[in-house]
Each structure stands twice: as structure tokens, then as C-alpha cells.
Amino acid sequence: MTSTAPRLRFAPSPTGYLHVGGARTALFNWLYARHEGGKFLLRIEDTDKARSTDEHTQVILDGLTWLGLDWDEELVFQGARVKRHQETADRLLAEGKAYMDEGAIRFRLPPGEIAWEDAVHGRISFQGADIKDFIILRSDRTPIYNLAVVVDDLDMRITHVLRGDDHISNTPKQIALYQALGAPLPVFGHVPMINGPDGKKLSKRHGATAVGDYQHMGILPAAMRNFLALLGWSPGGDREIMTLDEMIRLFSFAGIQQKAAIFDMTKLEWMNGQYLSMTPAEDLYPLVAPQLAQLGVNGNRDAVLKAIAAVKTRSRTTLDVARQVAARLDAKHVVVDEKAKKEIAKDPAGYKASLEASLAVLKATEWTPEALERTLRALAEQKGVAAGKIFQPIRIALTGGTVSEPVNELLYVVGRDAALRRLEAAARET
Ligand code: GLU
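Summarised in this report is the structure supplied together with it. Here the structure is a predicted model, which means the values were calculated and not measured.

What counts, and where the lines are drawn
- Residue numbering note: each chain is counted from 1, following its sequence as written.
- Side-chain atom pairs in this predicted model are given and counted only at pLDDT of 80 or more, local residue features only at pLDDT of at least 70, and totals for whole chains, interfaces and linings cover all residues.
- Excluding hydrogens and water, the side-chain values take into account all heavy atoms of the structure.
- What makes a salt bridge here is a side-chain nitrogen of Lys or Arg within 4 Å of a carboxyl oxygen of Asp or Glu, nothing more.
- Each residue gets one of three labels from its accessible area relative to the maximum for its type: buried under 20%, exposed over 50%, partly exposed in between, using a 1.4 Å probe on protein chains only.
- A molecule or strand has a residue near it when one of that residue's heavy atoms lies within 4 Å.
- Polar contacts, as counted here, are pairs of nitrogen or oxygen atoms within 3.5 Å of one another; within protein the pair requires one atom able to donate a hydrogen and one able to accept it, and residues that are adjacent in sequence qualify only if both atoms are side-chain atoms.
- Methods summary: accessible areas were calculated by the Shrake-Rupley approach with a probe of 1.4 Å, and residue burial reflects only the protein chains presented.
- Residues are grouped as follows: Ala, Val, Leu, Ile, Met, Phe, Trp, Tyr, Cys and Pro are nonpolar; Asp, Glu, Lys and Arg are charged; every other residue, Gly included, is polar.
- Strand pairing is assigned whenever DSSP detects at least two bridges linking the two strands.
- The helix count covers DSSP runs of H or I at least four residues long, the strand count covers runs of E at least two residues long, and both are numbered beginning at the N terminus.
- Helix axes are fitted only over the stretch in contact, all axes being lines through C-alpha atoms; the angle between N-to-C directions runs from 0 to 180 degrees.
- Angle categories: roughly parallel below 35 degrees, roughly antiparallel above 145, roughly perpendicular from 65 to 115, and oblique for all the rest.
- Helix crossings are classified by the rotation of the near helix relative to the far one: an anticlockwise turn of less than a right angle makes the crossing left-handed, while a clockwise turn makes it right-handed.
- The contact definition used throughout considers only heavy atoms, calling two residues in contact when any of these lie within 4.5 Å.
- For crossovers, right-handed means that the path from the first strand over the helix to the second runs clockwise, given strands pointing away from the viewer.
- We call a set of buried residues a nonpolar core when its members are Ala, Val, Leu, Ile, Met, Phe, Trp, Tyr or Cys and they connect through side-chain atoms within 4.5 Å of each other.
- In this tally Asp and Glu are treated as negative and Lys and Arg as positive; neither His nor the chain ends contributes.
- Each aromatic pair joins two rings of Phe, Tyr and Trp (for Trp, the six-membered one) with centres within 6.5 Å, and gets the label stacked for planes under 30 degrees apart, edge-to-face for over 60, and tilted for any other angle.

Things to note about the pattern of salt bridges
Here comes step 1: In this structure the tally under the stated criterion is 27 salt bridges.
Here comes step 2: The salt bridge involving Arg91 is made with Glu95; its shortest N-O contact spans 3.2 Å.
Here comes step 3: Its relative accessible area of 37% is what places Arg91 among the partly exposed residues.
Here comes step 4: Residue class for Glu95 comes out partly exposed when judged on its relative accessible area of 40%.
Here comes step 5: Close ionic contact of Asp101 with Arg106 constitutes a salt bridge, the shortest N to O distance being 2.6 Å.
Here comes step 6: Relative accessible area serves as the criterion here: at 22%, Asp101 is assigned to the partly exposed category.
Here comes step 7: Ionic contacts of the salt-bridge type, sharing partners, join the residues Arg9, Arg43, Glu45, Arg81, Arg84, Glu87, Asp152, Asp153 and Asp155 into one network.

Looking at the site of the ligand
Here comes step 1: Near the ligand, the surroundings consist of Arg9, Ala11, Ser13, Glu45, Tyr145, Arg163 and His167.
Here comes step 2: In the model, an oxygen atom of the ligand is placed 3.1 Å from a nitrogen or oxygen of the Tyr145 side chain.
Here comes step 3: Here Arg163 contributes a side-chain N or O atom positioned 2.7 Å from an oxygen atom of the ligand.
Here comes step 4: Against a free-state accessible area of 300 Å², the protein chains account for coverage of 78% of the ligand.
Here comes step 5: Considered class by class, the residues forming the shell around the ligand number two nonpolar, two polar and three charged.

Concerning the sheet that holds strand S5 (residues 104-107)
Here comes step 1: The strand order across the open sheet built from three strands is S4-S5-S8, with neighbouring strands paired in antiparallel fashion. If you trace the sheet from one side to the other, it starts and ends with strand S4 (98-101) and strand S8 (134-137), each paired once. Across the sheet, the axes of successive neighbouring strands diverge by a mean angle of 45°, strand direction being ignored.
Here comes step 2: As defined by bridge partners, S5 adjoins S8 across three bridges and the pair is classed as antiparallel.

Digging into the packing of helix H15 (residues 348-362) against helix H19 (residues 416-429)
Here comes step 1: Between H15 and H19, the least distance of the axes is 9 Å, while the angle of their chain directions is 150°. Taken together, the axes of H15 and H19 lie roughly antiparallel to each other. For the pair H15 and H19, the sense of crossing is left-handed. Here Tyr351, Lys352, Leu355, Glu356, Leu359 and Leu362 of H15 lie close against H19, whose contacting residues are Leu420, Leu423, Glu424, Ala426, Ala427 and Arg428.
Here comes step 2: A class-by-class count of the residues in the contact of H15 with H19 yields eight nonpolar, no polar and four charged.

Things to note about the pairing of strand S1 (residues 7-10)
Here comes step 1: Residues Arg7 and Arg9 of S1 are buried on one face, and the alternating residues Leu8 and Phe10, pointing to the opposite face, are buried as well.
Here comes step 2: Read from S1 through helix H1 (residues 20-36) to strand S2 (residues 39-44), the crossover connection turns out right-handed.

Re unusual backbone geometry
Here comes step 1: Its identity is not glycine, yet Arg141 carries a phi of approximately 70°, on the positive side.
Here comes step 2: Mapped onto the secondary structure, Arg141 falls in the loop between S8 and helix H5 (145-155).
Here comes step 3: Judged by its relative accessible area of 32%, Arg141 falls in the partly exposed class.
Here comes step 4: The backbone of Arg157 shows a phi angle near 55°, a positive value even though the residue is not glycine.

What to know about the environment of Leu92
Here comes step 1: Examined against the element boundaries, Leu92 turns out to sit in helix H3 (residues 82-94).
Here comes step 2: When the C-alpha positions of Leu92 and Val385 are compared, they lie 88 Å apart, and in sequence the two are 293 residues distant.
Here comes step 3: Those residues in contact with Leu92 that sit more than four places away from it in its chain are Lys97, Ala98, Phe107, Ile136, Leu177, Ala180 and Leu181.

Overview of the packing of helix H16 (residues 369-383) against helix H18 (residues 407-414)
Here comes step 1: Orientation of H16 relative to H18, taken along the N-to-C sense of each, is 130°, at an axis distance of 8 Å. For the element pair H16 / H18, the angle class is oblique. The crossing of H16 and H18 is right-handed. Along its contact with H16, which presents Pro369, Leu372, Glu373 and Leu376, the element H18 presents Val407, Asn408, Leu411 and Tyr412.
Here comes step 2: Within the contact of H16 with H18, the residues separate by chemical class into six nonpolar, one polar and one charged.

So, the nonpolar core
Here comes step 1: Of all hydrophobic cores here, the largest spans 67 residues; its most connected members are Met224, Ile256, Phe263 and Ile308.
Here comes step 2: If you tally residues by element for this core, the top one is H1, at nine residues.
Here comes step 3: Not counting chain neighbours up to four residues away, the residues in contact with Ile308 comprise Ala281, Leu284, Tyr285, Val288, Val321 and Val325.

Things to note about the pairing of S2
In summary, the side chains of a regular strand alternate between the two faces of the sheet.
Here comes step 1: For S2, the tally of buried residues reaches five of six residues, placing the bulk of the element in the interior.
Here comes step 2: Of the pairings in the sheet, the one linking S1 to S2 comprises four bridges and is parallel in character. The residue of S2 that forms the bridge with Leu8 is Phe40.
Here comes step 3: One ladder, built from two bridges, connects S2 with strand S3 (residues 76-77); its direction is parallel. From the neighbouring strand, Arg43 faces S3, where its bridge partner is Val76.
Here comes step 4: For the crossover that starts at S2, traverses helix H2 (residues 54-66) and ends in the parallel S3, the hand is right-handed.

Things to note about the side chain of Arg163
Here comes step 1: Turning to its location among the elements, Arg163 is positioned in strand S9 (residues 160-164).
Here comes step 2: Of the side chains with opposite charge, Asp153 lies nearest to the buried Arg163, which makes no salt bridge, at 5.3 Å.
Here comes step 3: Other than its neighbours up to four places away in sequence, Arg163 contacts Arg9, Thr25, Tyr145, Val149, Thr171, Gln174, Phe188, Gly189, His190 and Val191.

Quick word on the packing of aromatic side chains
Here comes step 1: Counting across every chain of the model gives nine aromatic pairs.
Here comes step 2: Ring centres of Phe28 and Phe251 lie 5.4 Å apart, and the angle between their planes is 55°; on these two criteria the pair is classed as tilted. In this pair, Phe28 is assigned in helix H1 and Phe251 in the loop between helix H9 (244-250) and strand S12 (261-262), connecting sequence segments 223 residues apart. Take Phe28 and Phe251: they sit in the same class, and that class is buried.
Here comes step 3: Their ring planes at 65° and their centres at 6.3 Å tell us that Trp116 and Phe188 sit as a pair that is edge-to-face.

Dropping the structure here:
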């Protein structure tokens, strides 16, 4: 690798949890660094001692790790670099580029235009006269954000600063500092904000905003990453589901949109469903097993795997998978939903009679998905009804719902004894 390989960073303030917007910014920086064979660095901006906590730092690191966003080199803590910030302020003061103001050091903003070629927005310019001199070191000698960021980015040899649009107004101040220090400018790029479906800035009103909440909700990290990548970036065409390698290969600043992105929970759940279907049951097992245990179900591994394989294509989250697996392994977890209740209520006698007819043939059937299918279809034919008329009461009795995997698979997953017992109980109680 040459010395000109890009160096990017994510610089969260540990004053809260890892927000989806921050995670998205981290992801874009990470994708660009990986695309270019550069470095992705992490700097914890913990200068606000009152609001920064170790717990938040840990949650941010855990969130990045969960998303698979590994960082290069050692973690940098801004709070440990205050001496460098002070030295730099003192140097600017000594050179007459800053002045004392009530014990604080204030930077003297040169007049004239401050402009840059933004990697996302194109040329952006400000008038120095509109920005005014600003404090860089408080009278207690603690640094102000704009000074600390520039000093740290310089020391970390950052070549590209990619961050949220909310930082656009800081950039001219930072550029003025780079120039006063005689340092070359990095490339600046500002990524669009993330809004809720109502077009307002994404907030708790719209639902969960912390990455950890999505993890607990049963979103897969690969799905979350894919979803975040598309918040403000498009690989072109209508490409949506991408492997990590594809994202790395396709990522470019040119694909970053200028307008705000919309966080659409329905789309995230849809995408997670796609990932659940693509993920082998064995790989879902470690995520589903603890959720099952929480539901009080302790099925053996084989039974659980079979059930996961049957339900994962019709699930939105791993929690959803766990609930459906629970219903298949333990009748206590069957919750009869409104649609199912309505269907039974349309013709309770027919529902009961259908279950009884099925029971009679099922008792004499070999318990394999193939034999079960054959037997039930033969029954429908003999009765001169559509196969669905036979399948649906079984589905409702075993799952409490009106949609599931094919009924022969469902019967197979529930198992012979349990299935017959449950169908008998359903027929008896109707
Ligand atoms: N610490 C800043 C924040 O969390 C980010 C600074 C930057 O990326 O330049 O908003």
C-alpha cells in the first residue's frame, strides 16, 4: 500500500447510544476505506466530560462490531489529546492568528471566501465575514470542538472527512484553521440527514433510533448493514440486496444522494425477511435459541432446526422466527389470531368435521412430508373439495394463524404425536 492510501475516520461523541444515523456515517466511511484499500479509524470524541460515559463508548464499539465495521489502528480518545489542542491554540496565538478574549483564545477568521468542493454536494462556499472570529480554547483551557477535530484529523493524517450534513456549517471554520496551520485540506463530504416517513428528522417518535434496539428486535446484522447502506447511497439501478463484498466493490461518493434519506421500518423488516430466508437454519440457531429459552421453550436442537427451516421464509425478525418455532414445538405458544377466529366462526361445524376427517386418515399415514401431502390431497379428492379446505383447518389448529409453511411440512415439523394430540383437542373444543 502506498502512503497516499485514503485514511477515513468515524468520530462519535459518546454522549448517547449509537444512533442509526451515526452507524450509517460509519458504514459509508468504512465502505469507502475498504473500497480504496485505505484505513478506517475510530476516534471517540469524549471532550464533553459531563455527558461522555464509558458505557456509551462501549455501546458504540459493540454496535460497530455487531455491524461488522472493524477499525484499523488503535482507538483514539480525543480527551487524551487535550495537550495537543492547547499547544495548537497557543501556536496560533503566538503567530497572531488568534487572540486572548476574557481568558479564552479566539481564532481570528480571515476575511474573504471560504469554499470547498464537497464530495457529495459539489462546491459549497461561505463568506468569512459572515462567520466571525470564534473561540478555540476556553478560559479553563479546554478545547472547542472545531479546534480539537482539526488537530486530531491532522495528527491522524485523515484524508477524507465524510460526516453528516449537520456539520456543513462547521466546515468553513475548520478549513480556516487548516489554512492558518499551513496544512493541506482533506476532502470533505457531507452525507444527507435521515428522516422518518413523515419527512421530519428521524427521532424516537418514529420508533427505535439506537442500533442496539434493532439487534434486540431480531434484525440480522447483515440486513441492517444492507439497509443502512441504502440510506442515502445507491449503487445505481434498482439494486437492493447486496453482499458485503458487492457493497465494497460498488461504493463510491458519486452514488451518495444529496437529498435526505427516509428511514422506512417496513422496508427494513422486508429486507430482514430476505436475509432470514437466505440464511441457513444452522446459522440462525444461535440467535433464535436464546429467544426461545426466554419464551420458556427448550426444544432439542434437531427439532428447533427443523422448525427454523420451516418458518424462516415467512418471518420478519428472529423474534418472529422464535415465536413461530415455539408454536410448533409447544401447543402452549399457539395464539389464535383474529383472522383465524373469523374463519372458524364462519363454519364451526365444517371446521370440526374437516379436522375429524383429516385425523382419521393421518393416524394411518407414514409421517413424512411426502406421505402427508399425498394422504391429505387424496382426502380432498375423495370429498370433492379443494385441498385448501382440508389444509386450512389443520393450519389454524396447529399455528393459530391462517398463513404458514405448507401444511405437510407443518405436520412433519410438529411431529406425529403432538400433531395428532393438538388436532384432536382442536376438534373436541370446537
Ligand atoms: N463528534 C462529532 C459528532 O458526533 C463528529 C465530528 C466529525 O465527524 O467531524 O457529531
